[in-house]
Amino acid sequence: DELLGHLIRSVDDLCTWRVKSPAKMNTFWLARGKKPRTAAEVAGRALLRLLGHEENDFVGIEWWCRNQAALMGAHFHYDTA
């Protein structure tokens, strides 16, 4: 519950920073072995464990944020490689 609260509170800041950053970053990357820098990255690592995976099963986690009303489209989805 605490992690989810941190994640929810960080969405606006992450989405704002994404478009205002010098690199205009659209996606973020957390490489295997790197320390998570955001609540989203901590949540990504926790999700791996919840799904029965280990960090070393993957080279990293790509993630992005989008803060918009669901009626605008792009509802929940996931990408696979």
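Residues numbered from 1 in each chain as written. Predicted model: local features only at pLDDT ≥ 70, side-chain atom pairs only at ≥ 80, totals over all residues. Heavy atoms only, no water.

K.L.:
Please explain empty space enclosed by the protein as it appears in this structure.
P.N.:
To find leftover empty space, a probe the size of one water molecule is rolled over the atoms. Enumeration according to the criterion identifies one cavity of 30 Å³ or more in this entry. Taken as a whole, the largest cavity spans an internal volume of roughly 40 Å³. Along its surface, the largest cavity is lined by Leu30, Ala31, Arg32, Arg45, Leu48, Glu55, Phe58, Gly60 and Ile61. The set of elements that each furnish at least two residues to the lining of the largest cavity consists of strand 1 (28-31), helix 2 (39-50) and strand 2 (60-63). For the lining of the largest cavity, the per-class residue count stands at five nonpolar, one polar and three charged. (1 Å grid on protein atoms, 1.4 Å probe; cavity = no way out; pocket = protein on both sides within 12 Å on 5 of 7 lines; lining within 4 Å. Points joined across faces, edges and corners; volume = space filled by probe spheres on them. Helix = DSSP H or I, 4+ residues; strand = E, 2+ residues; numbered from the N terminus. Nonpolar A, V, L, I, M, F, W, Y, C, P; charged D, E, K, R; others polar.)

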